[in-house]
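# Secondary and tertiary structure notes
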Amino acid sequence: MDFDVIVIGGGHAGCEAANASARLGLNTLMLAVNLDTIGAMPCNPAVGGPGKTHLAREVDALGGVMGIATDATYLQIRMLNSSRGPAVQALRAQSDKREYANWMKDYMESLPNLTLRQGMVKNLILTPDQKVAGVELAFGDRIGCKAVVLAAGTFLEGTIWIGKETMPAGRAGEFPAVGLSGFLRDLGFDMGRLKTGTPPRIDGRTIDYSQLPVVPGDDAPQFFSFLDKRPVLPQIPCHQTRTTEATHDLIRANLHQSPMYSGMIHGIGPRYCPSIEDKIVRFADKESHSLFLEPEGRSTYEVYLQGCSTSLPVSVQHDIVHSLPGLENAVVVRPAYAVEYDYLPAIQFTHALMAKDLPGFFAGGQILGTSGYEEAAAQGIIAGINAALYALGRDPFELPRSSSYTGTLIDDLVTKEIGEPYRMMTSRSEYRLLLRQDNADMRLTPLGREIGLVDDHRWQLFENKQAAIIGEKKRLSKTRIHPCPDWEAALAPYGECMKQSATLEELLRRPKVPYSLIETMAPASTESAFPHALEVETDTKYVGYIERQKALIASTEKHDLVKLPVDFNYLELGHLAKEAREKLNKVRPETLGQAARIGGVSPADISVLMVWLEQKRRADAGRNHREAAGVGT
């Protein structure tokens, strides 16, 4: 049986890609090395964090599934950076790893148009004109399709390391995907090697929590999905411990046994999620590092030791664990390990995540050089949407970096040469006041509706929210209050006063006046609190900054509208700097704006490109005019 779209991989990228394709009506096949690990959380069973929450909520706003699964299976939810500005606040959920995977597997099995099958892909089937036509499995099965999404995670030629011991594996206990890397190289793809890792898991019954700081969830948790039906679950606290002088001495004394430091691992690890060895070496002046004890589920006693990723030998891992406060007698139930794997540098792909030189071949997730479930899910939904649109013969769906963190992520990947696993952070977006986690639906749900992923129920919720926010802003702008003892008393704790009448909007624009004061003194409703206070307060207080960011976007997007020829040889443009010629020829940017964001391409180089484009436009216009005149005679 042939399919419209085949998704290779059942992780977070694969699930979002398969969900998008199937829900758009395409006959879709998901192939996984092991069907029992669909939706697995092999590292920390958690979703969210700075930058990552934005991605998870954007996936949900487009009609994805990660946020719904997270809300259905959380152990704890809390808002990080709650005392800071709205642009950097981040929701984080500790998930039940078994329940999350079970929920995702059940969901995938229930999807119309989606077939699940266990199998390992070794080759792609191509048409004579080099387009994707199907896949060939390890045992000889050949399955036809119009588009393929590769979301293989860490499985391509995966190898795990513990000390000097190594074995082929995509992750502990699972076969690697063998053969496909060689096939892609033979097609001309550049392949690289990256490394990631995971910390030991501890028997929670052997931890002494009595002296450890508690990290609780929020009393009134917020949620990841913008949908309205969410279970309210009892929350389980996390705990904090710290490395000691003994921990650091142990690690320094055994660095020669770390495969990363001994040179046995050649892949580059994530800069912003370093191993415990990296922390001790790179931050030698720090006396201690925070580690967190996070439960992995309600039905297991395993505890995740966040911040202690390592590839040191098991015997050393035991000693490290026992050097930590509260873990002096702890039992390690799963050792930490590092995994090294092949990946495809994403500059070989377009913003639609389709390979530039192989039509119908899409990719997303760690295979494109990222690190994290949320980054994978964001790429997965875009790759799945575009694989479906390609199979339907429709134009691709692309998100500019000004629209979303997802757009920022993809633009960074396909534009910049990234030599380490990419992790999303709020600092990567120059428009973060506009691209907040709370307004992801306002930015992207209309696009999801236009594509066909947002159903009637979600759309109605969106329209109701939009109407409520517009109505509340209108009320604030039209309601005028006058100085009186009650308002003076209410404003005094914030160091404010009223010398003349003002609208509620003008009052809320004052930096120290919170919306909660308006809610108390002049509520929108006497029956319940206004549910979208954060959006209204942020838009009101930061209106000047927001308008400036919008103006900046308008000016920079002019370059993003200027298309560049995809097959031009930039080495021929002698007026460009040598580095610019080489970088442009390697990346082959789709627009002038993308060209401007390539490292090594200067504003002077962009000016040269603009002059060349204008000359080309005039030459093309003149040629067309002569051809038309010739036809007319």
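Refer to the preceding data block for the structure.
Now for a look at the structure at hand. (Residues numbered from 1 in each chain as written. Predicted model: local features only at pLDDT ≥ 70, side-chain atom pairs only at ≥ 80, totals over all residues. Heavy atoms only, no water.)

### Digging into the pattern of salt bridges
The cut-off we apply is this: Think of a salt bridge as a Lys or Arg side-chain nitrogen and an Asp or Glu carboxyl oxygen that are within 4 Å of each other. Helical segments are the DSSP runs of H or I of at least four residues, strand segments are the runs of E of at least two, and each set is numbered from the N terminus. For the exposure calls, accessible area comes from a 1.4 Å probe over protein chains only, and a residue counts as buried if that area is under 20% of its type's maximum, exposed if over 50%, partly exposed in between.
Summed over the entire model, instances satisfying the criterion amount to 41 salt bridges. Residues Asp71 and Arg230 are paired through a salt bridge, measuring 3.8 Å at the closest nitrogen-oxygen approach. With Asp71 in helix α3 (residues 66–72) and Arg230 in the loop between β15 (214–215) and β16 (238–242), this residue pair connects regions lying 159 residues apart in the sequence. Arg230 sits in the partly exposed class, given a relative accessible area of 32%. In this structure, Arg185 engages Asp342 in a salt bridge whose closest nitrogen and oxygen atoms are separated by 3.5 Å. Here Arg185 is found in helix α5 (residues 180–186), whereas its partner Asp342 is found in strand β20 (residues 337–343), with 157 residues between them in sequence. Residues participating in the shared-partner salt-bridge network are Arg401, Asp411, Asp412, Lys416, Glu430, Asp560 and Arg597.

### Examining the nonpolar core
Here is the rule: In plain words, nonpolar cores are sets of buried Ala, Val, Leu, Ile, Met, Phe, Trp, Tyr and Cys residues tied together by side-chain atoms within 4.5 Å. The contact definition used throughout considers only heavy atoms, calling two residues in contact when any of these lie within 4.5 Å.
The biggest cluster of nonpolar side chains holds 104 residues, and the ones touching the most others in it are Ile6, Val135, Leu150, Leu344 and Phe361. Take this core: its biggest share by element is 11 residues, from helix α9 (residues 373–392). Non-local contacts of Leu150, meaning those with residues more than four positions away in its chain, are made with Ile8, Leu156, Leu180, Leu184, Leu344, Phe361, Phe362, Ala363, Gly364 and Ile367. Core analysis: the second largest hydrophobic core is formed by 20 residues, Leu212, Val303, Leu327 and Val332 among them.

### Description of the sheet that holds strand β5 (residues 90–95)
This is how the line gets drawn: What makes two strands pair is DSSP finding at least two bridges between them. Interaxial angle, 0 to 180 degrees, is taken between N-to-C directions of lines fitted to C-alpha atoms, where a helix line uses only the stretch in contact.
Read across the open sheet, the 3 strands follow the order β3-β5-β4; overall the sheet is antiparallel. Here the strands that pair on one side only, and so sit at the sheet edges, are β3 (46–48) and β4 (74–80). Neighbouring strand axes in the sheet, compared pairwise and without regard to direction, differ in orientation by 15° on average. Where β4 lies against β5, 6 bridges are found, and the strand directions are antiparallel. Directly across from Gln76, in β5, lies its bridge partner Gln94.

### Quick notes on unusual backbone geometry
One non-glycine residue, Gln130, adopts positive backbone phi at about 65°. You can see Gln130 is positioned in the loop between β7 (121–126) and β8 (132–137). Residue class for Gln130 comes out partly exposed when judged on its relative accessible area of 41%. Even without being a glycine, Glu157 presents a positive backbone phi close to 50°. As for its placement among the helices and strands, Glu157 is situated in the loop between β10 (147–150) and β11 (159–162).

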